[in-house]
Amino acid sequence: MKLLFLYPNNEGYFRCPIGLTLIMTILRNEGHEVKLFDTTFTAAEDNSDNMVREKLGIVKPVPTAHLFEKKSKEELISSWIKTIKEFKPDLIAASIIEDMYKFCGTFLDAAKENFDIPIAVGGVTPTLSPNVIIEHPSIDMIIQGEGEVAFKELVIALKNKTSLSKVPNLWYKENGKVIRNKLTRYMELDKLPYQELDFWDKRHFNKPYNGVMYNMGSFELSRGCMHKCHYCFNRYMQTDLPASEVGKFRRNKSIETIIREVKELHKKHNFGFIMFVDDNFLARSFSEMDEFYERWSKEIKIPYYMNTCIETLNEENLPQLKKSQCIGISIGMETGSEYVRRNVLLK
């Protein structure tokens, strides 16, 4: 099967989304031909996220505009149509987040107007609002929740021309009706393959931080968060996708696995900076984190950045984080009101 993935980034931020990268990696490992159409460096003039931070004085400026070659909307669509004509995919797929939904729809509409190729989408927005997204006239199928298992099964069904009714996590249209299939259980993180990063433009590995441009790699040590804050994606994944069907959303990758994975990819890409994308990096046992600090300090020795909740930081782990070369910590500070925090945000 020939599979064309669309990454509709019109904000210009540098990122190789781990979920999308893993899905493409798994499908390539299954013997399929995978191609990525990425608009990051052609749909924007600069990294908008970085520009805002610099303007507010939050970060030290690092020039990034020279990395971009912005094209007009007409040029982007023309390039998209040309790619489809030349590649001749059996399936078009896209990863969507809310602020890119309209932008993504422009490309999907163009594909539907010019070709008779099935279109499937996944990501945060289709997972949170599948009833809305499935109504889009250019979208045939939705993968709800994590896609590593579901996309693989979808491609198998399409290749063998068998019924889609057994494909887990799938919403699809059939005879004017929307069909919703059963969910599958979350994967054990240690069973995921290492990311194949050659799908991505090398400019994605740039990370401006503290006045310096680093060569960055993105990794995950866990998925999910134990909290159920009202405003967060994690709440939906814990409460609206039944644990009886999918299991616990909050899962950890073993320290051994992440050390081996970073080592392997570092050999190929020579990272100078690691970004952990975990929602709550420190939400695991003290003994496991002690193992991480020790092994990272001895075996990896690369500066890293992570996200966590403020209650996970203390006088004991802060020195260990510093010693293991943690050079940045992101903490959400949504409100200064105790009432709002407890009763509105449920944080």
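Just above sits the structure.
Residues numbered from 1 in each chain as written. Predicted model: local features only at pLDDT ≥ 70, side-chain atom pairs only at ≥ 80, totals over all residues. Heavy atoms only, no water.

**Student:** Tell me what's going on with a nonpolar patch on the surface, and back it up with residues and numbers.
**Tutor:** Together, Val52, Leu56 and Ile58 give the surface a local cluster of nonpolar side chains, amounting to about 310 Å² of exposed area. Turning to its location among the elements, Ile58 is positioned in the loop between helix H2 (48–55) and helix H3 (73–87). With relative accessibility at 55%, the residue Ile58 sits in the exposed group. (Patch = residues over 30% accessible without salt bridge, like charges linked within 9 Å, V, L, I, M, F, W, Y side chains within 5 Å. Areas by Shrake-Rupley, 256 points an atom, 1.4 Å probe, with all protein chains shown as cover. Salt bridge = Lys/Arg side-chain N within 4 Å of Asp/Glu carboxyl O. Helix = DSSP H or I, 4+ residues; strand = E, 2+ residues; numbered from the N terminus. Buried < 20%, exposed > 50% of the residue type's maximum accessible area, 1.4 Å probe, protein only.)

**Student:** Describe the packing of aromatic side chains, naming the residues involved and giving the relevant values.
**Tutor:** Applying the stated rule across the entire model yields 25 aromatic pairs. Aromatic side chains Phe41 and Phe68 sit 5.4 Å apart centroid to centroid with 45 degrees between the ring planes, which places their arrangement in the tilted category. Taken together, the residues span a long stretch of sequence, with Phe41 in the loop between strand E2 (33–38) and H2 and Phe68 in the loop between H2 and H3 at a distance of 27 residues. With a centroid separation of 6.1 Å and an interplanar angle of 70 degrees, the aromatic rings of Phe292 and Tyr293 are classed as edge-to-face. The class for Phe292 is buried, based on a relative accessible area of 0%. On the basis of relative accessible area, Tyr293 is assigned to the buried category, the value being 5%. Through pairs of rings, three or more aromatic residues link up here, namely Phe276, Phe281, Phe292, Tyr293, Trp296 and Tyr304. We note Lys2 situated over the ring of Phe87; from NZ or CZ to the ring centre the distance is 4.8 Å. Of note, Arg203 hangs over the ring of Phe41, and the distance from its end group to the ring centre comes to 4.3 Å. (Phe/Tyr/Trp six-rings, centres within 6.5 Å; stacked < 30°, edge-to-face > 60°. Lys NZ or Arg CZ within 6 Å of the ring centre and 35° of its normal.)

**Student:** Outline the pattern of salt bridges, supporting the account with residue identities and numerical values.
**Tutor:** A complete count under the given rule lists 21 salt bridges for this structure. Its salt-bridge partner being Lys112, residue Asp140 comes within 2.7 Å of it at the nearest N-O pair. Here Lys112 lies in helix H4 (residues 101–114) and Asp140 lies in the loop between helix H6 (130–133) and strand E5 (141–143), a separation of 28 residues in the sequence. Among the ionic pairs, Lys253 bridges to Glu261, the shortest N-O distance being 3.0 Å. On the basis of relative accessibility, which here comes to 4%, the residue Lys253 falls in the buried class.

**Student:** Quick one: what's the story with the state of the cysteines, residue by residue and with numbers?
**Tutor:** As enumerated under the stated definition, the model contains zero disulfides in all. Unpaired in terms of disulfides, Cys225 finds its nearest cysteine sulfur in Cys309, a separation of 4.7 Å. (Disulfide = S-S within 2.5 Å.)

**Student:** Just give me the short version of the side chain of Thr40, but keep the residues and values in it.
**Tutor:** Secondary-structure assignment places Thr40 in the loop between E2 and H2. Only 3.1 Å separates the side chain of Thr40 from the side chain of Asn9, close enough to count as a polar contact. In terms of polar contacts, Thr40 uses its side chain to reach the side chain of His204, at 3.4 Å. Those residues within four positions of Thr40 in sequence are excluded, and the remaining contacts are Tyr7, Asn9, Gly12, Tyr13, Phe68 and His204. (Polar contact = N/O pair within 3.5 Å; in protein donor to acceptor, adjacent residues only side chain to side chain. Contact = heavy atoms within 4.5 Å.)

**Student:** Can you break down the side chain of Asn234 residue by residue, with the values?
**Tutor:** Along the chain, the position of Asn234 falls in helix H8 (residues 233–239). Exposure remark for Asn234: the relative accessible area of 3% places this residue in the buried category. Not counting residues up to four positions away in its chain, the partners in contact with Asn234 are Gly224, Cys225, His227, Phe249 and Asp279.

Note that every value here comes from positions in space, so none of it alone points to a role or purpose.
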